Structure formats: C-alpha cells, structure tokens
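Working through the structure, step by step
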Amino acid sequence: MSGVNYGRCELRHPWSITFPQQQLLRFHFVSQGPCWIHTEVQGWQELNDGDLVLLPQGVTHRLASAPDVEGDSLKSCQITRLGSNVCDVSREGTGAASTLFCGSMALGAHALNPLIALMPPIIKGCDVAGNDPIVGPLLAAMSTEATQPQMGSATVLSRMADLLAARLIRCWVNCSGASTTGWLAAIRDPNIGRALAAMHRDPGHNWTLERLAGVAGQSRSIFAERFSAILGEGAAHYLARLRMQLARDLLAQNGMSVAEVASRLGYDSEASFARAFKRVTNVSPGIVRRTSSGRTDMDFGF
C-alpha cells in the first residue's frame, strides 16, 4: 500500500460533498455525526459515531449531514494543507457539527487488483470491527491523532491508515465464506496459493507450466486442471494479465521506458513485449506511457 492521502473535516449542517469515481481505495471514519453516505448500489445509509466505511474500488458516492441536503458544499469549505498528503477541511455554520476523517490510497494494483475486484463496492467498518480486536483501538488512536495534531502527526496517521486498510481487507477475506472459485478460493488452496504467490512475487521470471506445477507440488496436468477450475482461466493467461497490469503501472506511474519495462518483466525484446501488451490491453505501451506518465492523481477525492 502506498500514497495515503487524508483530510480531517469539521463541517456544520447542512453540508454535502460528492466524491467522484477514482481508481483509489477510499475510506471515511465518522468521529462525530451527523453523517449519511449515498451510493448507487445501496442508496442512503446513516453512519453513526465511530463508523468506518471502506470503498475498495473508489466508486462514486456522496457524504451529507442529511439525505435531503442538495448541492456540493466543498466550494464553501476552507481547505488548509497541513503537509504533502494531509489537509484540514472546515465549514462554518450554526448547525450540528460533524467531524470526519476521509482518505484515499493507491494500492499495489498488480498484486491486489484481483482481490479488490472481488470486494463489495462499500463495506461498513461496523460489519468487521467485531472480528478484529485491533480495529477499534486503531480507530480511536486515529481520531485522537487527527483531533490533537502534534509534531509528526502526518507520518503517524499515514502509517495507521495503511494498517487500518490492511486489517479491514484481511478481515473481509476471512469472513467471506468458503467460496469454491475465484481469487479467494485460490489463495486458500495451499497448492494453487503457492503458485500464485510465486507469480506475484516474481512476475518477470521465466515461468512455465512445469515450473509452476513444481512450486505447487502437483503434476502438470493436475495443476493445470485445478488452476483453471478455480480461477476460470489458465495459468499462462493469468500470468500474462498480471504482467500487463504491472506494466501499465510502471509505464503510467513510474514513467519507465518501454524497453525497461520489457526487460523487467522477462521479455526478450521490446517488440515481443509490445505485442503481448497490446493483445491484453488493446492499446500500445507507448500510448500508455505518453498519456499517463507522471500522473499520480492523488487528491483527497473531494
């Protein structure tokens, strides 16, 4: 996990803020309400003091002091930067005060995209906090740090936000039931899980079906059949998609050259990598690099 950005919000009723769709994991912690959240899937939901909401895919949503508040109040808010990735958002008024802790973070997309895609669009922390004894005290510590900032608070909050998201994701995985197919089933299978871990740990290695089967401790035929049955695609196709997800990140975020990315991911030539990239993504690596290089897009989602 990387690139945590967050803002402490002190807002007076009536207020409403829209968070547009972004490829970032979002979270909102309600230290003090009133606060409601609206998503297309679940409509309006009231959030209570101490509630935390996780939006793994960063879907469009709106926070408001009441469902009937219209418009976007951000334009009337005072936003103060407290550091490179921390801000304070306030809105004066005479209505009830809401204190929120809102954040967004970029994840290691090439490693976590399959898991994130399987998660529901919105997860309320109260559904999982009871299953993890660390979450409650962590939320309390984050609230204290946010409301009583001291030297180094930005760094402390960043580390706590990382830990919080990781614990929530782990809790969701553990509570998701005994699914028999998909990524969760794969990482629970000791044989297939070892092969998956090896691919994600070193995607540029010269993996063959035989080598992956060896890592899994299975015969080539049994491994191939089991992998396809659980994940719905062959190991070679999965590896190709994994490599291209990583390649897109390296080209867009890190600004690496096409040749450098090709070498890192184990391709013999830039041309062979470019063909594979276009086959999987339908665009050329050069276009991705030219149009996305240097973009971090790490605002606070406001």
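Residues numbered from 1 in each chain as written. Predicted model: local features only at pLDDT ≥ 70, side-chain atom pairs only at ≥ 80, totals over all residues. Heavy atoms only, no water.

Per an unreviewed UniProt entry, the protein goes by AraC-like DNA-binding protein and derives from Rhizobium binae.

At the junction of H13 and P14, the peptide bond is cis and its omega measures out at 0 degrees in the coordinates. Here the amide bond leading from G33 into P34 is cis, since omega sits at 15 degrees, within 30 degrees of zero. Looking at the element boundaries, P34 is found in the loop between strand 3 (25-32) and strand 4 (35-39). In this model, N282 sits at a positive phi of 70 degrees, which is unusual for a non-glycine residue. (Helix = DSSP H or I, 4+ residues; strand = E, 2+ residues; numbered from the N terminus.)

This part is about the environment of A262. In this fold, A262 is placed in helix 9 (residues 258-264). Once the C-alpha coordinates of A262 and R243 are considered, the two residues, 19 residues apart in sequence, prove to be 9.8 Å apart. For A262, the residues in contact, after removing those within four places along its chain, are Y267, S269, E270 and F273. (Contact = heavy atoms within 4.5 Å.)

Strand order across the open sheet formed by 4 strands is 2-7-4-5, with antiparallel pairing between neighbours. Edge strands, defined here as strands with exactly one partner in the open sheet, are strand 2 (16-19) and strand 5 (43-47). Direction aside, the axes of adjacent strands within the sheet are offset by 20 degrees on average. As paired strands, strand 4 and strand 7 (residues 61-64) are joined by 4 bridges and run antiparallel to one another. (Pairing = 2+ DSSP bridges. Axes fitted to C-alpha atoms, helices over the stretch in contact; angles between N-to-C directions.)

A separate point is the pairing of strand 3. For strand 3, a buried count of 6 out of 8 residues is recorded, marking the element as mostly surrounded by other parts of the structure. Direction of pairing for strand 3 relative to strand 6 (residues 52-55): antiparallel, over a ladder of 4 bridges. Following the sheet pairing, R26 is matched in strand 6 by L55. (Buried < 20%, exposed > 50% of the residue type's maximum accessible area, 1.4 Å probe, protein only.)

For an α-helix, the turn length of 3.6 residues means that residues three or four places apart are oriented alike. Taking 1.5 Å of rise per residue, the 12 residues of helix 10 (residues 270-281) would be expected to cover 16 Å, and the 16 Å separating its terminal C-alpha atoms lies within 8% of that figure. Three or more residues of helix 10 are buried, namely S272, F273, A276, F277 and T281. Down the axis of helix 10, the smallest arc covering the buried residues is 140 degrees, so these residues share one side. Exposed side chains of helix 10 directed beyond 90 degrees from the buried face belong to R275 and R279. Two residues or fewer past helix 10, N282 is found with a positive phi of approximately 70 degrees. (Expected span 1.5 Å × (residues − 1). Arc of directions from axis to C-beta.)

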